[in-house]
Amino acid sequence: MISGTVTDGSNPLPGVTVLVTGTTQGTVTNIDGQFNLTVPANAKTIEARFVGYKTIVVPLNGQTKFSIALSEDAVQLQEIVVDGYSTQDMKKMTSTVAVVDAANLQQRPMATFDQALQGQAAGVQVSLNNKAPGSSASVKIRGTGSLAGANQALFIVDGVPVDGRAFATLNPNDFASIQVLKDASAVAIYGSRGANGVVVITTKAGESGKPVINVNSYMGISESTFKGFDMMNSKQRAEFEDLIQDGPTSQPQWYGYMGQEPNTDITSDWFGEFFRQGVTQSHQVSISGGNENSKFYVSGNYYKEDGIVRKTGMERGTLRANLSQKYDRFSMDLKTSLSTAKIDNVYKNDAYNVLTMLPYYSMQDENGEYLPLDYNGSNPFERIDKGELSNQLLGIIASLRLEYELADGLKIWSRTSTNYDQELTKDIVSPNSLYGKNLTPDGKGSLSTTTYMDYRVVGTNALQYNKAFGDHGLNVGVYQEYILENGYNQGFTAYGFADAVTPTLSSPDVQVPVVRGSYDRRQTQLSYFTSMDYDYLGKYILRATYRRDGTSKFGANKRWGNFYTVGAGWVISDEAFLSNASAIDNLKLRASYGTVGNQGAVSRYGSLATLANISYAGMPGVYSNKPANPDLQWETSYQLNTGLDFGFFDGKLTGSANYYNNISEDSFIYKPLPYTSGFSGQTQNAAKLQNQGVELSLNSEWNTVAGFRLNLFANVAYNKSKALELNEEGIENRGYGKLEIDELVNIEGEQLFLAKSINKIGVDPATGRFLFRNEDGSIVDDFTQADKIILGTTEAPWFGGFGATAAWKGLSLSAQFNWEQGATKLNWDRVEIERVYYADQNHSVKLLDSWKEPGDITAYPEAGSFQPFFATTDHWEDASFLRLKNVTLAYELPLTWIKSAGLSKARIYTMAQNMMTWTSFSGIDPEMSAPYQSTNNASTSGGVSNAYPLSKTFTVGLDLTF
């Protein structure tokens, strides 16, 4: 019998595995870091293992008492890469893989985990067009590879592919590791699904030893980072109306629906009514443990966020159970999660209406009754308060893997995984509201619901051989995989409700004139692929993959695609000529080239002619809405990557540098068709794109003898997306929404997504009209005769992140920044509040300086009704920004303080999210995936999008381990 204590050099370490070397005979240290172990008479050494620390082998030499000190291994977790199919040593990889510390995503006050990826990995661009609770982000890896297909990265959770709809149902506190696969060599194992890069997430598993209970809880408050437009107060508005001789003061007949007289003695705080202080809370309990053969991890989490916009928020509950069992040569892994969530939102146009409401009106009368506030005779606050716009989500993810070791190094395994998503959207307009009475049939409100159901089944079968032969290492895999996706959506809109609280379809007055839905959204894919990794002396590395993918999306003669990758690596630091270079820990040169297919966002029936419903003269019918395209086929991305991984000064400085050049052939593009065809256009394989860029990641860790630790990180990426081939004209107009068709363009040989606008140079002092300069130098005062000039790209070519963590004796302080540079975005809100078109909305105070008489020098023309809306060069703004994303101050209590309470760890912390943003962009927020920002939307359906500002959140939390 031997005994001893394991420490980190100063404090005891509970949960450390102590084993007799070469056996499974072992034990785990207790809360005081102590252990007792019976060892065989022939035992020579024991070893101590603990996650995050270097394994140490200790000779017995007849001793019975031991004092073992473990040292931290900062790169231990990063040395192993799990791509969902195999586990690889990063030192022997030829691929470009970024490892994100899962701890950086945990305990963040965010409803969806993808937002926390910002600034964490070079080349990964995360943009939040919608900051409302529960909204997912746009995640691009190395630029835009398709004009009409998908550009979103693939997310894999425990081998299960998930999309944006499922993000709101996932609990990031369950994540153990996150790896970002970026080049062809890395993503080839996922084939067409990984054409835009892959984010592989592995959830937590149990460890051998006694059960460990973790309790994590935090609460916080939020406020809007946007403080409103600089709008006219009541007296300024009255002055402005006198100036333009327009509006309620001079023409009250325009406002017969208003129902209230202007009161210039008040200025209603519409911003304060619409926004509020948000509250966020999260509470989780998990238990994990097991032995050498059986391990488990079980968790439950409750998350609730009351949004910063009136009546918005999200509530979610998640349960997870991960189990593993090993018996001789057989092993099994089962990972399951069940989540439910409800997201409450508000209408897109209500956000705009509220923020531009006339200041001299009141929301309610002295009796609390809502008053009309717009020309429709409705009140957006009442519609929000009495109505409902919600999404109810159900998410199930399950993965079962069975493995059998046939011989030493040879194994066969099979995995079946499924992802089931169900969503119910509900839109209720109360019959007791002004909107319901004035704007719905018979004045009795409405109920619209849509149910979505999607499921995905992925089955993978593999035979893998991994063996070392002296100085040679070989890892070969042969795989077969199938993917089945299906789903439906169905819904209706009904009118004629007497009860706003519990709308009942069985009421005799209810009408259901609109029924919608689609069925049999089946999609299948079948793949065969193989991979081979070879190394000699651990420093000369080769990798090759080949796969054949077939999909039901394409025509019968175009369904199959063949793709390959090759890669090589050279660990220079292991060469004899560097044996005396003590400053160099690691130096590896790598290169890879390969092809990856993409079927992306092409519809399930993209190659087939389809029919759609139509109504003519009150009679239902169908019409042909899309022609067949039997030649629709795979996009193919040819990807070249070269990289250098390095480490110096005993791990004090590590990092990687990469150059890539990706060419997308047969890229999807929407091409117009002759009118004689009966169709406006169709998606074809006719474009060619290029993404070329560089990435640099740096990490530095410094430990001092006094116990002070400093960690620094930074990453920067530059990506240029270019159109090489488009169409016969060499130009593609992509304007939509608030953009004119030619205000967003792609031009062959130029960077993608170029903004164009009229070049406004000022206001004519003599006439008070705008002046515009054309390309030939001529000046005109009619915007319809003005030329549009190119301003720049709407996608930031430069982006990255940096941060630092300082720690000393349990106290730690960390800060993280993210930034983007070089994007030009349209601030459409300025167009609307700096033009006088809608007389029932308020305007910017800048219009008080409008031109009034000849000789006036001003930036704003003569004010008047029905000024046309059009954007000019000054409305397109530089959307570059630097954001202090996160600041965390934490203290881990000494073990001697807490062990009497049965605790092995106690950590308290306070955190600030989105503290500050430095930018010249004058809109709500410069960070968005769309090319323009507008709080106004002509559609009344759907939740508020980029009208929802970013939240500044302050939280206090507690982490306990028993």
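Basis of the calculations
Residues numbered from 1 in each chain as written. Predicted model: local features only at pLDDT ≥ 70, side-chain atom pairs only at ≥ 80, totals over all residues. Heavy atoms only, no water. Helix = DSSP H or I, 4+ residues; strand = E, 2+ residues; numbered from the N terminus. Buried < 20%, exposed > 50% of the residue type's maximum accessible area, 1.4 Å probe, protein only. Polar contact = N/O pair within 3.5 Å; in protein donor to acceptor, adjacent residues only side chain to side chain. Pairing = 2+ DSSP bridges. Axes fitted to C-alpha atoms, helices over the stretch in contact; angles between N-to-C directions. UniProt positions renumbered as here; feature names shortened; annotations may be inferred. pLDDT = per-residue confidence, 0-100. Contact = heavy atoms within 4.5 Å. Salt bridge = Lys/Arg side-chain N within 4 Å of Asp/Glu carboxyl O. Arc of directions from axis to C-beta. Patch = residues over 30% accessible without salt bridge, like charges linked within 9 Å, V, L, I, M, F, W, Y side chains within 5 Å. Areas by Shrake-Rupley, 256 points an atom, 1.4 Å probe, with all protein chains shown as cover. Core = buried A, V, L, I, M, F, W, Y, C linked by side-chain atoms within 4.5 Å.

Q: Could you clarify how one ought to interpret the side chain of Glu 695 in this entry?
A: Position of Glu 695 relative to the elements: it lies in strand S35 (residues 681-703). Judged by its relative accessible area of 3%, Glu 695 falls in the buried class. One polar contact links Glu 695 to Lys 182, side chain to side chain, over a distance of 3.0 Å.

Q: Honestly, the sheet that holds strand S7 (residues 65-69) in this entry has me stumped. Any pointers?
A: The strands making up a sheet associate through backbone hydrogen bonding, with each pair oriented either parallel or antiparallel. Across the sheet, three strands lie side by side as S4-S1-S7; this open sheet has mixed pairing. Each of the sheet's edge strands pairs with one partner strand only, and the pair in question is strand S4 (34-37) and S7. Each strand of the sheet is rotated relative to its neighbour by a mean of 25 degrees, with strand direction disregarded. Looking at chain direction, strand S1 (residues 2-7) and S4 are connected through four bridges and run antiparallel. By the bridge assignment, Gly 4 is partnered in S4 with Phe 35.

Q: Would you mind going over the UniProt feature "domain: TonB-dependent receptor plug" (unreviewed entry) in the chain with me for this structure?
A: Per the UniProt annotation, the sites labelled "domain: TonB-dependent receptor plug" (unreviewed entry) are residues 91-198. Split by type, residues 91-198 is 7% helix and 25% strand. Its first and last C-alpha atoms lie 20 Å apart.

Q: It is not clear to me how the confidence of the model for the chain should be interpreted in this structure. Could you clarify?
A: Detailed conclusions should not be drawn from predicted coordinates in areas where pLDDT is low. A residue-level look at the chain finds 93% of positions with pLDDT of 70 or above and a mean pLDDT of 86. Scored below 50 in pLDDT, residues 247-257 makes 25 contacts in the model with residues more than four places away or belonging to other chains. The model gives residues 938-945 a pLDDT under 50, and that stretch makes 25 contacts with residues more than four places away or in other chains.

Q: Honestly, the sheet that holds strand S50 (residues 932-933) in this entry has me stumped. Any pointers?
A: Spatial strand order, S47-S46-S50: three strands in an open sheet with mixed pairing. Of all strands in the sheet, those with a lone pairing partner are strand S47 (876-878) and S50, marking the two edges. Pairing analysis gives two bridges linking strand S46 (residues 824-827) to S50, with the strands arranged parallel. Each residue of the ladder has a partner; that of Asn 827, found in S50, is Gln 933.

Q: I would appreciate a short explanation of the side chain of Arg 237 in the present structure.
A: Relative to the helices and strands, Arg 237 resides in helix H3 (residues 234-244). Classification of Arg 237 as buried rests on a relative accessible area of 1%. Within the structure, the side chain of Arg 237 is placed 3.3 Å from the backbone oxygen of Gln 841, a separation counted as a polar contact. Of the polar contacts made by the side chain of Arg 237, one reaches the side chain of His 843; its length is 2.9 Å.

Q: I'm lost on the pattern of salt bridges in this one. Help?
A: Pairing is possible between side chains that carry opposite charge, provided their charged atoms lie close to one another. What the rule picks out here adds up to 40 salt bridges. When the shortest N-O distance is used, the salt bridge between Glu 695 and Lys 182 registers 3.0 Å. With Glu 695 in strand S35 and Lys 182 in the loop between strand S15 (175-181) and helix H2 (184-187), this pair connects stretches of sequence that are 513 residues apart. Per residue, the accessibility class of Glu 695 equals that of Lys 182, and both read buried.

Q: Just to check I follow, could you spell out H3 for this structure?
A: Think of an α-helix as 3.6 residues a turn; residues three or four steps apart then line up on the same face. Residues of H3 that are buried: Ser 234, Arg 237, Ala 238, Phe 240, Glu 241 and Ile 244. Viewed along the axis of H3, the buried residues span an arc of 160 degrees, placing them on a single side of the element. The distance from a side-chain oxygen at the start of H3 to the backbone nitrogen of Lys 235 is 3.2 Å, and the residue carrying that oxygen is Asn 233.

Q: When you look at a nonpolar patch on the surface in this model, what are you seeing that I'm missing?
A: Together, Tyr 327, Phe 330, Leu 400, Leu 402, Tyr 404, Leu 406, Ile 412, Leu 463 and Val 478 give the surface a local cluster of nonpolar side chains, amounting to about 830 Å² of exposed area. Of the residues forming the nonpolar patch, the biggest block, four residues, is contributed by strand S22 (residues 388-407). Mapped onto the elements, Phe 330 comes out in strand S21 (residues 330-344).

Q: Help me understand the nonpolar core in this model?
A: Soluble globular proteins tend to pack their nonpolar side chains together in the buried interior. If you look at the biggest cluster of nonpolar residues, it comprises 29 residues, and the most contacted ones within it are Phe 113, Phe 155, Val 162, Ile 178, Val 199 and Ile 201. Top element by residues in this core is S15. It accounts for three residues. Those residues in contact with Phe 155, other than ones at most four positions away along the chain, are Phe 113, Leu 117, Val 139, Val 160, Pro 161, Val 162, Phe 167, Val 199 and Ile 201. Phe 275, Leu 355, Met 357 and Ile 833 belong to the second largest nonpolar core, which has 25 residues in total.

Q: Would you mind going over the pairing of strand S27 (residues 523-536) with me for this structure?
A: The alternating pattern of S27 places Gln 523, Gln 525, Ser 527, Phe 529, Ser 531, Asp 533 and Asp 535 on a buried face and Thr 524, Leu 526, Tyr 528, Thr 530, Met 532, Tyr 534 and Tyr 536 on a face that is not buried. Connecting S27 to the antiparallel partner strand S28 (residues 540-551) that follows it, the hairpin turn spans three residues, and Leu 537 within it adopts a positive phi of roughly 60 degrees.

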